[in-house]
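# Inside the fold
If you want the building blocks of each chain, they are given just below.
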There are 2 protein chains.
Amino acid sequence: MKDITLKEIATTLGISITTVSKALKDYSDVSETTKKAVKELALNLNYTPNSFAVNLRTKESKTIGLIIPEVSHYFFSNIIKSIIEEAEKNGYLVIILQSNESLELEKKQVELLINKRVDGILISLSNESNNDSHIQEIIDRKIPLVMFDKIAKLAKCSKVIIDDQKAGFDATQHLIDSGCKKIAHIRGPLNPQNSIDRYLGYKKALEKNNIPFDSKLVYTCEKVSFEEGKEFAKQLLEDHPDVDGLFAITDLVAVGAIDYCNSKGIKIPEELKIIGFSNWFMSQVIKPNLSTIEQPSYEMGITAFNLLLEEMTCRKEEEKFVPKTIELETNIVVRTSSES
Amino acid sequence: MKDITLKEIATTLGISITTVSKALKDYSDVSETTKKAVKELALNLNYTPNSFAVNLRTKESKTIGLIIPEVSHYFFSNIIKSIIEEAEKNGYLVIILQSNESLELEKKQVELLINKRVDGILISLSNESNNDSHIQEIIDRKIPLVMFDKIAKLAKCSKVIIDDQKAGFDATQHLIDSGCKKIAHIRGPLNPQNSIDRYLGYKKALEKNNIPFDSKLVYTCEKVSFEEGKEFAKQLLEDHPDVDGLFAITDLVAVGAIDYCNSKGIKIPEELKIIGFSNWFMSQVIKPNLSTIEQPSYEMGITAFNLLLEEMTCRKEEEKFVPKTIELETNIVVRTSSES
């Protein structure tokens, strides 16, 4: 469809383009009669201000970019939900990209967003990423940036995190308090900070309780999937039939482990106590119900957007900006799978 | 950060702006030496083409809008995933908005996307929406539009659907084939086409098998939630203790019903057979595993984007465009919950 321009409205009414523009903006030096005529015609012709031209003038796109590892994922889809709601309340639209846990794709997506001139970027890193050149480029270009959940510790930008080490400690301590003596850990991949921290929390809890750490009791996921939960539970119970506790990196993996145990008639919590991480919806549906660490996904999205908004406002007004890190609380949710 | 312009590159190298622009685009009438010098300087200065200016010139934003009722939802998050992947492959970015099942919000979001001058819009309607004025506005403005899953039957635009009536029929027929004589239906809200069609399919199957339809056996969800599944299962079993089959509008509701039955010791499938709709992940996790209708969410997203791309290309080349409706196949997935 051909776009209606200010010029066409001006020509039709026999007035100047400036007058049309002023009339649409309700300037006081244009008569009410003219304003009415302009507005009516604009409405009839379906006139829309050209947003590209507006963008050129204001240098703002009122659009932000959001890069996450995986869209179809209980935790991340809750974060997306809260970010787009909060952004919309504040007049921003959100372009969403999925890195698929690939550093290469994530780099390409950062370039796309920079070229698109988004006003700011929110990112949760892929498993392969760290404080790499693409992150540095965003920071060097002074494009507002907030990392959340999966962050690069050394990146000089704002961050929203939880204390994964403390949460991993709490999960393990809870199993010990429930009577477990030999506790396994299905951990996440080796690179991401949150998977490292949950593992360190697990080790710390064992140490504090004088339980010797045994690296053979630690299994490492690649995909952090339901299937891996099943496979590692099988391997764990073959390797260490006397294991009595399991802390899994996330609920999806824990649910896979429960599914395997159920299929083999291994009684949870009597023979093996299990705790997950994140409080996915399915954790209250699986039998037995899964104990877990509650991670505040909705709050994390809201906090991340508001930190970004703070930086965007700061940059616009050319004020000095100092990055902030906000740490959100986690809670342990005890259900049947770890009852003593 | 100050943006580097073509003019600054031109001034620094003592050549014209046109030459700089041509060099960056690899025009053949610019010498290789000049091209090299321009590209190196552009790289050093971190030059990015001003996307707003590019947009003004090409009248394309290379951005599409996607409006869906609910982001944190197994079916829709799979659709989002496939749409953003397919869009990215084709050089498009996706702005995602969530209508929260509200017509008012959906209208506002359509306005936002029109003002943003997106190249096209993909929409799955809210429960309150139909062929309303905001949809008509998109069509009148000749902005490419594809509806998927939750559509307005009468809207003159491309659509990607499944045959919900046939699928509802299949689900009910399967319960009858498994021996059910008294089958209840927990349906979706009254307005959405897909919830009407699944209900009509249920009625049709009863009719074909000479089972009298009883409106008291139909319960109507407002939110289509896990909690409603639990509540209606309770009410159903109190009202009709002799019911032996249940077809639920979606897996989430069916899982709520199973959860209630499990808590009351009602044996599935022995006493009550249950089938859901959509094949959510949790359906293979719940005990007993839930039978369901497999809805091709991933394929639906890909098909919807490609129909949109077809229309965008057509409109750009000012060719005549005729809307298409593509119907995707559904399959019945039989698991323990409906075994005979």
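Up top is the structure.
Now for a quick tour of the structure. (Residues numbered from 1 in each chain as written. Chains lettered and ligands numbered in written order. Predicted model: local features only at pLDDT ≥ 70, side-chain atom pairs only at ≥ 80, totals over all residues. Heavy atoms only, no water.)

### Some words on the relation of the copies chain A and chain B
For the pair chain A and chain B, the best superposition has an RMSD of 0.4 Å and corresponds to a rotation of 179° with a translation of 0.0 Å parallel to the axis. The transformation relating the two chain copies, once decomposed into turn and shift, fits a two-fold axis. Considering only C-alpha atoms, the part of chain A nearest the rotation axis is Ile95 of chain A, at 2.2 Å. The overlap is high: 100% of the interface residues of chain A also sit at the interface in chain B, so the same surface is used on both sides. (Least-squares fit on C-alpha atoms with pLDDT ≥ 70 in both. Contact = heavy atoms within 4.5 Å.)

### With respect to helix α6 (residues 103-115) of chain A
Residues and elements named next belong to chain A. Relative to the 18 Å expected for 13 residues at 1.5 Å per residue, α6 spans 18 Å between its end C-alpha atoms, a close match to the ideal helical length. Among all positions in α6, only Leu103, Glu106, Gln109, Val110, Leu113 and Ile114 are buried. Each buried residue of α6 sits inside an arc of 140° when the element is viewed along its axis, so together they form one side. Put simply, Ser102 is the residue that caps the front of α6, since its side-chain oxygen is 3.3 Å from the backbone nitrogen of Glu104. Of the residues flanking the end of α6, it is Arg117, one or two places downstream, whose phi is positive at about 60°. (Helix = DSSP H or I, 4+ residues; strand = E, 2+ residues; numbered from the N terminus. Expected span 1.5 Å × (residues − 1). Buried < 20%, exposed > 50% of the residue type's maximum accessible area, 1.4 Å probe, protein only. Arc of directions from axis to C-beta. Polar contact = N/O pair within 3.5 Å; in protein donor to acceptor, adjacent residues only side chain to side chain.)

### Quick word on the side chain of Glu88 of chain B
With respect to the helices and strands, the residue Glu88 of chain B is situated in helix α5 (residues 74-89). It turns out Glu88 of chain B is buried and unbridged, and the closest side chain with the opposite charge, Lys108 of chain A, is 4.1 Å from it. Aside from chain neighbours lying at most four places away, what touches Glu88 of chain B is Leu97, Leu105, Lys108, Gln109 and Leu112 of chain A. (Lys, Arg positive; Asp, Glu negative; His and termini not counted. Salt bridge = Lys/Arg side-chain N within 4 Å of Asp/Glu carboxyl O.)

### Structural notes on the pattern of salt bridges
Evaluation of the coordinates by the stated rule reveals 34 salt bridges over all chains. In this structure, Lys22 of chain A engages Asp29 of chain A in a salt bridge whose closest nitrogen and oxygen atoms are separated by 2.9 Å. For Lys22 of chain A, a relative accessible area of 26% gives the class partly exposed. The residue Lys182 of chain A makes a salt bridge to Asp242 of chain A at a minimum N-O spacing of 3.1 Å. Linking Lys182 of chain A in the loop between α8 (164-177) and β6 (183-187) with Asp242 of chain A in the loop between α10 (226-239) and β8 (245-248), this pair joins segments that are 60 residues apart in sequence. Lys182 of chain A sits in the partly exposed class, given a relative accessible area of 23%. Each of Glu70 of chain A together with Lys81 and Glu85 of chain B takes part in a single network of salt bridges with overlapping partners.

### Points about the packing of aromatic side chains
Per the counting criterion, the structure on display carries 16 aromatic pairs over all chains. Judged by centre distance (6.5 Å) and plane angle (75°), the ring pair of Tyr202 of chain A and Phe213 of chain A falls under edge-to-face. On the criterion of sequence distance, the pair formed by Tyr202 of chain A in helix α9 (residues 193-208) and Phe213 of chain A in the loop between α9 and β7 (218-220) is long-range, its members being 11 residues apart. Given the relative accessible area of 0%, Tyr202 of chain A is considered buried. Overall, the relative accessible area of 33% leaves Phe213 of chain A in the partly exposed class. One aromatic cluster is present, built from ring pairs that chain together Tyr199, Tyr202 and Phe213 of chain A. Positioned over the ring face of Phe277 of chain B is Arg198 of chain B, at 3.7 Å from the centre of the ring. (Phe/Tyr/Trp six-rings, centres within 6.5 Å; stacked < 30°, edge-to-face > 60°. Lys NZ or Arg CZ within 6 Å of the ring centre and 35° of its normal.)

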